[in-house]
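Inside the fold
Chain by chain, the residues run as shown.
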Amino acid sequence: MLLLLTTSGDGSSDIVVSRLGNNEVFRLNYDMWKAYEITITPSFWSIKNPAGHEITSESASSAFWWKAFTVALDEDKHTIFEIKYIFRELYSWFSTRGLARGNSPDYHNKFGKANILSIASKRFDIPRTLISVGLASTDEIDSCELVAKSLSSVLNSDNKLLVTTSVPSTQSLDPSYPWFLQETIHSDWDITVFQCGQSFFPFKRSRAGLEGLDWRTEQKFFYEEQEWFPFDMTTEQLGNLKAVAHELGLDFGRYDFMLAREDNRLIFLEVNASGQWAFLDIENKYGLQQAVVDWLKG
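Below: a short report on this structure. Counting restarts for each chain: residues are numbered from 1 in the order of the written sequence. At least 70 in pLDDT is required for a residue's local features to be given in this predicted model, at least 80 for side-chain atom pairs to be given and counted, and no such filter applies to totals for whole chains, interfaces and linings, which use all residues. Excluded from the side-chain calculation are hydrogens and water; included are all heavy atoms of the structure.

Criterion for a salt bridge: a side-chain nitrogen of Lys or Arg within 4 Å of a carboxyl oxygen of Asp or Glu. A full pass over the atoms with the stated rule returns 14 salt bridges. With its nearest N and O atoms 3.6 Å apart, the salt bridge here joins Arg 123 to Glu 247. One end of the pair, Arg 123, is in the loop between α4 (113–120) and β8 (129–132); the other, Glu 247, is in helix α5 (residues 235–248), and 124 residues separate them in sequence. Classification of residues uses two cut-offs on accessible area relative to the type maximum, computed with a 1.4 Å probe and protein chains only: under 20% is buried, over 50% is exposed, and between them is partly exposed. On the accessibility criterion, Arg 123 (32% relative accessible area) is partly exposed. Working definition: helices are DSSP H or I runs of at least four residues, strands are E runs of at least two. Numbering for both runs from the N terminus.

Printed below as a string of structure tokens:
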């Protein structure tokens with residue numbers, strides 16, 4: 001049985017559960033932790049939900065960590081860290097036995113955005129990029145149009161997220177803030193490629209009509225309207241991406257590109273090791289949903 005460590009409101013998890021069924025998957029929702037009975041000892045663990053459905057260290061076959069900590073708990077700080085530790089404890093049981101599917105929640109802490117770009121630059125063009133503290137070396141990139149992004153993608157104290165934002169000039173930036181800056185790429189198309197095992201699903205989305213720079217702020221997650229459509233990668237591009245995936249140690253994730261307006265070059269932007277995927281194939285026209293289920297089954 002698969003242990004799915006996630007949250008209650010995640011649509012991708014809904015799809016996984018509906019396709020696998022209760023006999024093959026146990027869903028553990030971080031934001032509903034009080035509803036479960038959890039027992040962990042050095043030699044055995046078990047989890048039971050309110051309906052009496054149970055998974056144990058004897059019945060479990062694999063685990064998939066899927067955005068478990070993306071919601072905030074209304075608990076004191078100590079309790080939150082204790083619950084997070086329990087979730088990591090369970091995941092580690094699978095990881096140390098080679099039974100974890102997908103990527104660890106700490107994947108990006110291990111690799112880092114600049115390091116990923118360095119690996120990708122061996123096979124794709126990348127934007128000029130600078131991570132700067134104290135506005136160090138910003139004069140070296142001030143000659144090009146810039147955007148600011150978030151390194152951590154974590155909400156600030158006002159529960160706001162820094163999305164891709166145009167920067168008029170580096171002189172306008174606050175030197176007391178750590179900046180992640182990139183060259184602006186002018187494009188009519190966003191490209192994203194979802195990887196699931198050995199399968200790669202490239203999609204494109206028109207940037208026409210976007211109000212801002214970042215398509216994620218305008219993405220519709222009601223799964224009612226198809227906004228992304230299949231994109232044809234060349235054999236060389238796909239081969240290069242597979243090489244990047246291999247070097248990054250990934251068999252699951254989503255790679256974001258832009259298609260340069262002037263010459264249609266693929267510009268590599270980033271990889272999201274736990275990138276959402278359901279919105280790419282909301283009606284399962286392209287086999288993506290089934291590919292995920294088959295991959296989870298191993």
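Glancing now at a nonpolar patch on the surface. A surface patch of nonpolar side chains, about 190 Å² in accessible area, is lined by Ile 38, Ile 40 and Ile 86. Within the fold, Ile 40 resides in strand β3 (residues 37–40). Any residue with relative accessible area above 30% and no salt bridge may belong to a patch, with like charges joined within 9 Å and the nonpolar Val, Leu, Ile, Met, Phe, Trp and Tyr side chains within 5 Å. Throughout, the Shrake-Rupley method with a 1.4 Å probe supplies accessible areas, and for residues the shown protein chains are the sole cover considered.

What follows deals with the sheet that holds strand β16 (residues 266–272). At least two bridges found by DSSP between two strands are what make those strands a pair. In spatial order, the strands read β14-β13-β12-β15-β16; together these five strands make up an open sheet with antiparallel pairing. Edge positions in the sheet fall to β14 (229–230) and β16, since each has one partner strand and no second. Taken together, the two bridges between strand β13 (residues 199–206) and β14 define a ladder with antiparallel strand orientation. Paired with Lys 204 across the two strands is Phe 229, which belongs to β14.

Let us look at the environment of Ser 43. By secondary structure assignment, the location of Ser 43 is in the loop between β3 and β4 (45–48). The exposure class assigned to Ser 43 is exposed, which follows from its relative accessible area of 70%.

Within the open sheet, the three strands sit side by side as β3-β4-β5. Their pairing is antiparallel. Among the strands making up the open sheet, the edge pair consists of β3 and β5 (54–56). In this sheet, adjacent strand axes meet at a mean angle of 5° when their direction is disregarded. Two strands pair when backbone bridges link them, and β4 and β5 are joined in this way by three bridges, in the antiparallel orientation. Note on β5: the bridge partner recorded for Ser 46 is Thr 56. For helices, the fitted axis covers only the stretch in contact; all axes are lines through C-alpha atoms, and the angles between them, taken along N-to-C directions, range from 0 to 180 degrees.

Attention now goes to the packing of helix α1 (residues 11–20) against helix α6 (residues 288–297). Axis separation between α1 and α6 bottoms out at 10 Å; the angle between their running directions is 70°. One finds that α1 runs roughly perpendicular with respect to α6. The handedness of the crossing between α1 and α6 is right-handed. Along the contact surface, α1 presents Ile 15, Val 16, Arg 19 and Leu 20, while α6 presents Gln 289, Gln 290, Val 292, Val 293, Leu 296 and Lys 297. The scheme is simple: roughly parallel for angles under 35 degrees, roughly antiparallel for over 145, roughly perpendicular for 65 to 115, oblique for anything else. Crossing chirality is assigned from the near helix's rotation relative to the far helix, an anticlockwise turn below a right angle marking it left-handed and a clockwise turn marking it right-handed. The contact criterion used is simple: two residues touch if any of their non-hydrogen atoms lie within 4.5 Å.

Counted residue by residue, strand β11 (residues 179–183) has four buried out of five residues, so it is predominantly covered. Pairing between β8 and β11: four bridges, direction antiparallel. Bridge pairing in β11 places Thr 129 opposite Gln 182. Two elements, strand β9 (residues 146–149) and β11, share four bridges in a ladder whose sense is antiparallel. Counterpart to Ala 148 in the pairing with β11 is Leu 181.

We now examine the side chain of Thr 7. Residue placement: Thr 7 occurs in the loop between β1 (2–6) and α1. If sequence neighbours within four positions are ignored, Thr 7 has contacts with Arg 27, Asn 29, Tyr 30, Asp 31, Trp 66, Lys 67, Ala 68, Thr 70 and Val 71.

Within the element layout of this structure, Arg 205 appears in strand β13. Residue class for Arg 205 comes out buried when judged on its relative accessible area of 8%. A polar contact of 3.2 Å, which involves the side chain of Arg 205, links it to the side chain of Glu 227. Between N or O atoms, a polar contact is any pair within 3.5 Å; within protein, one atom must be a potential hydrogen donor and the other a potential acceptor, and residues adjacent in sequence are included only when both atoms are from side chains.

Turning to α6, a few remarks are in order. Buried residues dominate α6, accounting for seven of its ten residues. Burial in α6 covers these residues: Leu 288, Gln 289, Ala 291, Val 292, Val 293, Trp 295 and Leu 296. Looking one or two residues past α6, Gly 298 carries a phi angle of roughly 80°, positive in sign.

Interpretation in functional terms is not warranted from these geometric data alone.
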